[in-house]
Amino acid sequence: MGNSIKQKIHILSRNPNDRKSLNDLIGMSLNIAVTYLKIKFFSDINPKLKWQDNIEEIAMDAIVPLFVSNRDGKLGIIKALENWKSEITSDSDSYFFLNRVIWKRVEQTVIIKIKQRDPIFARIHKNLSTCIATHNFKKLSYLGTVYIVHKNTDEINGKLIPDDEFENLPGYLFEKKQFKLCNGILDYLVTETEYFPAIPMNRLVVKIKQQYFRNSESNSLSAVTKTNEYIDDIFTLSLQKINDKIYNSYYSKGKLTKDESDAIYKSFEIMAKEISNGGLNSSLYDYLQINMKDLTKEKFYTDYHGIMNYLLIGFKKNISKLFEI
Amino acid sequence: MLITEKDIFFYVFYPDKLDKDKKSFIEENQKDFDEQIYICKNIQSSINKDVDPEIISEIEKKIKEKQNLMNIELFKVENKKQMYSEYLTLAADSQIEEEKLKVDTFIDANSEYIIKVINTAKENNIFIFEKNNDLIEDFDLKILPSGIEYEHINNQKPLIISPKVNIDKILITIK
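Residues numbered from 1 in each chain as written. Chains lettered and ligands numbered in written order. Predicted model: local features only at pLDDT ≥ 70, side-chain atom pairs only at ≥ 80, totals over all residues. Heavy atoms only, no water.

Asks: It is not clear to me how the nonpolar core should be interpreted in this structure. Could you clarify?
Replies: The nonpolar side chains of a soluble globular protein tend to be buried, and buried together. By size, the foremost hydrophobic cluster in this structure holds 133 residues, and its most contacted members are Ile185(A), Leu204(A) and Phe268(A). In this structure Ile185(A) touches Phe166(A), Leu169(A), Leu173(A), Phe174(A), Ile199(A) and Leu204(A), once residues within four positions along its chain are discounted. Within the second largest apolar cluster, 19 residues are counted, among which are Ile115(B), Val117(B), Ile161(B) and Ile174(B). (Core = buried A, V, L, I, M, F, W, Y, C linked by side-chain atoms within 4.5 Å. Buried < 20%, exposed > 50% of the residue type's maximum accessible area, 1.4 Å probe, protein only. Contact = heavy atoms within 4.5 Å.)

Asks: Please clarify how empty space enclosed by the protein should be interpreted in this entry.
Replies: By the definition in use, this model includes two cavities of 30 Å³ or more. In this structure, the largest cavity occupies an estimated 120 Å³ of space. Contributing to the lining of the largest cavity are Asn70(A), Arg71(A), Asp72(A), Lys79(A), Asp140(B), Leu141(B), Lys142(B), Glu149(B), Tyr150(B), Leu171(B), Ile172(B) and Thr173(B). Among the secondary structure elements, those contributing two or more residues to the lining of the largest cavity are strand S5 (139-145), strand S6 (149-153) and strand S8 (167-174) of chain B. Among the residues making up the lining of the largest cavity, the classes are represented as four nonpolar, two polar and six charged. (1 Å grid on protein atoms, 1.4 Å probe; cavity = no way out; pocket = protein on both sides within 12 Å on 5 of 7 lines; lining within 4 Å. Points joined across faces, edges and corners; volume = space filled by probe spheres on them. Helix = DSSP H or I, 4+ residues; strand = E, 2+ residues; numbered from the N terminus. Nonpolar A, V, L, I, M, F, W, Y, C, P; charged D, E, K, R; others polar.)

Asks: Got a minute to help me understand the interface of chain B and chain A in this structure?
Replies: Often, the extent of an interface is quoted as the loss of accessible area upon association of its parts. Opposite the 53 residues of chain B that make contact, chain A presents 58 residues. Where chain B abuts chain A, roughly 4,800 Å² becomes buried across the two surfaces, and 58% of that area is made up of carbon and sulfur atoms. Three residues, Glu5(B), Ile47(B) and Ile59(B), lead the burial of chain B against chain A; their summed loss comes to 14% of the area buried on that side. Counting the contacts that link chain B with chain A gives seven salt bridges. Across the salt bridge formed by Glu5(B) and Arg100(A), the nearest N and O atoms sit 2.1 Å from each other. One can count 19 residue pairs in polar contact (both at pLDDT 80 or more) joining chain B with chain A. Listing elements by their share of the side of chain B that touches chain A, those giving two or more residues are helix H1 (5-13), helix H3 (34-46), helix H4 (53-70), strand S1 (71-77), S5, S6 and S8 of chain B. It is H4(B) that contributes the most residues to the side of chain B that touches chain A, ten residues altogether. (Buried area = accessible area lost by both parts, 1.4 Å probe. Salt bridge = Lys/Arg side-chain N within 4 Å of Asp/Glu carboxyl O. Polar contact = N/O pair within 3.5 Å; in protein donor to acceptor, adjacent residues only side chain to side chain.)

Asks: Explanation requested: the sheet that holds strand S3 (residues 199-200) of chain A in the structure shown.
Replies: Adjacent strands of a sheet pair through backbone hydrogen bonds, lying either parallel or antiparallel. Residue and element names in this part refer to chain A. Spatial strand order, S1-S2-S3: three strands in an open sheet with antiparallel pairing. The two strands at the open ends of the sheet, each matched to only one other strand, are strand S1 (137-142) and S3. Helix H8 (residues 178-192) contacts S1, strand S2 (145-150) and S3 of the sheet and is inclined by roughly 90° relative to S2. (Pairing = 2+ DSSP bridges. Axes fitted to C-alpha atoms, helices over the stretch in contact; angles between N-to-C directions.)

Below, the structure is given as structure tokens:
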């Protein structure tokens, strides 16, 4: 590819429109992002995400902001370079810089997409972010993964807790909230394990969500049963609102037939199950098609997409609003 | 021994440039860094693969679309002035009047973002909201005409500018 990464970045800092350098860097960035996504989230053996999305599309969404120029004509990647704390003196440094920036962008993009599909994840994530910002914590990333650490931690430089061991930390640690939750886990990592005091943020969000969704059969504690009832109530209420909207605003006004209304409502019942179980996995078309076998994409986008998309935004908002943590 | 992500990266990409002790430590404890090493090795073998020109064109198209969405201008909404013409303002009240808060609202053309600026006598408190009240994780903000800039911020806390500046327009760049 001719020039080194360092030279390409240098060229782009002087001329953001240098097509050759731009395309070479875009290609490299895409390759890094696709590989990272495949291994971290969509591995064949143990996929963390079971979406039907095209991995290349997600990778594109992740890298595009790095090649958009701001008002001063400066590319995102050049701005990232200006904010890079270490000095870049060799091509090896610039390789590391490029990788680290892409890993971070991919993680950010995946989180945005998870939040769009799972309003409960989004709500917990938002609350945790507020807790981090308002208490003595901060976020640090290590090979793309975001960790919660104490504010005085400058760099992660120790052994990190593996996913399976984080899963098996004592349940009582996760029964606390906000500051006590984060502080309790960090203290536990220091005093009871050999791991670096850093909490994988997204694993923690998933864990908190699981706490709410624990099956009452697996635990006889009344508090857990109460939690299940609480979750059931949230979904029942949110589905009830959808039902009211479909039948009172669309069916009764002749905008949808009875069969269409039923099919759309059943689609939301499926979506509710998926949201409670990790987030939406399919497109609106796919959900409706389950209940309308002959539905074509053309008919869906002409007749139903607008309605279902509007209903879904309200549905997610309601779940998020009712979910108090 | 303290091993950073850069050490792992160098262990895979540039082993000769890595400190010998660190290299030995990673080799001896490879199990602890399995996933990280695996990711780096896979990236190393894929980073220079040729990318289909059609995909590059698609990315260029997305860049152009994003260009328009990322850079957002927020203009001040003119406050309706309240008229108190029937009341007399006494000179003795003037000091108190100056201490009052003044709130300015800024909004973009698509009403996607709203910024409330609470101006006290000494400072501007800037609150940034997204239309769905979502967290905006990473953005830059520029205040005009002063040109004050903030980079890589989020909207969890208000920005405080002290001493107070005049604000006519606010530019934000979403990352």
